[in-house]
Amino acid sequence: MRSLLIAALPAIFTAMTSALAGEFHWEQLPPIPDAEGFASPFAGVSGGALIVAGGANITGEKWNETFTKRWFDSVFVLEKPDGAWTHGGKLPRALGYGVSVTADDALICTGGSDATRHYADVFRLEWRGGKLRTTTLPSLPEPCANACGALLGRTIYIAGGIETPAATTALKTFWALNLDDAAPQWRELEPWPGPERMLSVAGVQDGAFFIFSGAKLSAGADGKPVREYLRDAYRYTPVRGWKRIADLPRPAVAAPSPAVPIGASGLLVMTGDDGTKVNFQPIEQHPGFPRDVLAYDAAADRWTVAGETPFSRATVPVAKWGARFVIPNGEVRPRVRTPEVWALTISKSD
């Protein structure tokens, strides 16, 4: 494994609370055994192992005007950070671009898409005795991909996304599933007081659910979806509802999600697409997405730019594995995935 100490946060967070103090320590875990790697796989932890499942990449020629994206049903399992990946089985279908949540020692996979459609399916992956077990959970109220979501307490929250592959309007939906209900069912809640969106970043901190950035869609002259890159952000507290919070310093569309919690009130939004190079040509020379780390202090409602990541990444989940926050694969730039697996550990400063 390759490791890198990136930054001492006390010096970086001079304008923020001491609750955010610590150090970033990045390390590379063994890469996924696939030459291309995957965008938007599912990722989580079960049976002490890291699970990475599904996702999509571009097969063959990447730089033609038309290209082929392929979805996968493969499940990879890493039982130790310094171990080797094994093939753990298959998903019920080739699937990616859904929401991953680890709960009850299982990876819960929510929604997603394949090459032709979006799905409302929700299912649980469990790693037990070296074997993968799959069980179904109640389906979402409607098909959905490119949403964001996270677990707050015992409730899974899912926000936004798009209903179909060709949608020119994103969803403004906010769904909740209480895992402790005797017969859990998804409930539709009041959405955030801002534009509809997809590819947002979720977060959980300080007893609240957060939604950051994302892209609003509209139809272009050719009828195809056009993105508006958003900087706004919202906080949802059960019982009290939604509140708009400070805008991000820049858009962070499809950044690794959920945001990484730090201290008692901090959240880290890392890399993602800011939209400034959306028309970059030639596309094969695209320099990649921004690498800066945006740190939000929920107590002060304030953002700070907190250094950089050692990589550029979009369309990838974040999975907490012990003390590590793992970012498995994802896009490094348009049309290019990676098999790399990075992990962040945040140590407390003295």
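Just above, that's the structure.
Note that the coordinates shown come from a computational prediction; the quantities given were computed from them, not determined experimentally.

**Quick word on the overall build of the protein chain**
In terms of regular secondary structure, the protein chain is built from 1 helix and 31 strands. Relative to its length of 350 residues, the protein chain is compact, with a C-alpha radius of gyration of 19 Å against a globular reference of 20 Å. Structurally, the protein chain occupies a C-alpha span of about 50 × 50 × 50 Å along its principal axes. Taking contacts inside the protein chain between residues at least 6 apart in sequence as the whole, the part at least 24 apart equals 55%. Positive and negative side-chain charges in the protein chain, numbering 35 and 36 respectively, have mean positions lying 1 Å apart.

**Quick notes on the pattern of salt bridges**
Going through the model one piece at a time under the given rule, you end up with 15 salt bridges. With a shortest N-O distance of 2.7 Å, D232 and R197 are connected by a salt bridge. A residue pair is termed long-range when its members are at least 10 positions apart, and D232 in the loop between strand 20 (225-229) and strand 21 (233-237) and R197 in the loop between strand 16 (187-189) and strand 17 (201-205) qualify at 35 residues. Given the relative accessible area of 7%, D232 is considered buried. Look at the salt bridges and you will find they share partners, linking D105, E126, R128 and R133 into a network.

**Describing the pairing of strand 19 (residues 215-219)**
Pairing analysis gives 5 bridges linking strand 19 to strand 20, with the strands arranged antiparallel. Looking across to strand 20, one finds that S218 is bridged to V226. With antiparallel pairing between neighbouring strands as the criterion, strand 19 and strand 20 make up a hairpin whose turn holds 5 residues, including G223 at a positive phi of roughly 85 degrees.

**Some details on the state of the cysteines**
In protein structure, a disulfide is the covalent linkage between the sulfur atoms of two cysteines. Summed over all chains, the structure comprises 0 disulfides. C148 forms no disulfide, and the closest cysteine sulfur to it belongs to C144, at a distance of 9.3 Å.

**Describing the environment of R335**
Tracing the chain through its elements places R335 in the loop between strand 29 (331-333) and strand 30 (336-337). Separated by 49 residues in sequence, R335 and H286 have C-alpha atoms that sit 9.9 Å apart. Residues contacting R335, with those up to four places away along its chain left out, are I58, K62, W63, N64, F67 and I283.

**As for the packing of aromatic side chains**
Evaluated as defined, the whole model comprises 20 aromatic pairs. With centroids separated by 5.6 Å and ring planes inclined at 40 degrees, the aromatic side chains of Y157 and F209 adopt a geometry described as tilted. Residue Y157 is found in strand 14 (residues 155-159), and its partner F209 is found in strand 18 (residues 208-212); the two are separated by 52 residues along the sequence. For F209, a relative accessible area of 0% corresponds to the buried category.

**Considerations on the sheet that holds strand 4 (residues 49-53)**
Read from one edge to the other, the open sheet built from 4 strands follows the order 3-4-7-8, with strand pairing classed as antiparallel. Edge positions in the sheet fall to strand 3 (42-46) and strand 8 (86-90), since each of these pairs with one other strand and no more. Put simply, the sheet's adjacent strands are angled 25 degrees from each other on average, direction ignored. The pairing of strand 7 (residues 74-78) with strand 8 spans 4 bridges and is antiparallel. Across the sheet, residue V77 finds its bridge partner in strand 8, namely T86.

Conventions we followed
- Residues numbered from 1 in each chain as written.
- Predicted model: local features only at pLDDT ≥ 70, side-chain atom pairs only at ≥ 80, totals over all residues.
- Heavy atoms only, no water.
- Helix = DSSP H or I, 4+ residues; strand = E, 2+ residues; numbered from the N terminus.
- Rg over C-alpha atoms; globule rule 2.2 N^0.38 Å.
- Contact = heavy atoms within 4.5 Å.
- Lys, Arg positive; Asp, Glu negative; His and termini not counted.
- Charge placed at Lys NZ, Arg CZ, Asp CG, Glu CD.
- Salt bridge = Lys/Arg side-chain N within 4 Å of Asp/Glu carboxyl O.
- Buried < 20%, exposed > 50% of the residue type's maximum accessible area, 1.4 Å probe, protein only.
- Pairing = 2+ DSSP bridges.
- Disulfide = S-S within 2.5 Å.
- Phe/Tyr/Trp six-rings, centres within 6.5 Å; stacked < 30°, edge-to-face > 60°.
- Axes fitted to C-alpha atoms, helices over the stretch in contact; angles between N-to-C directions.

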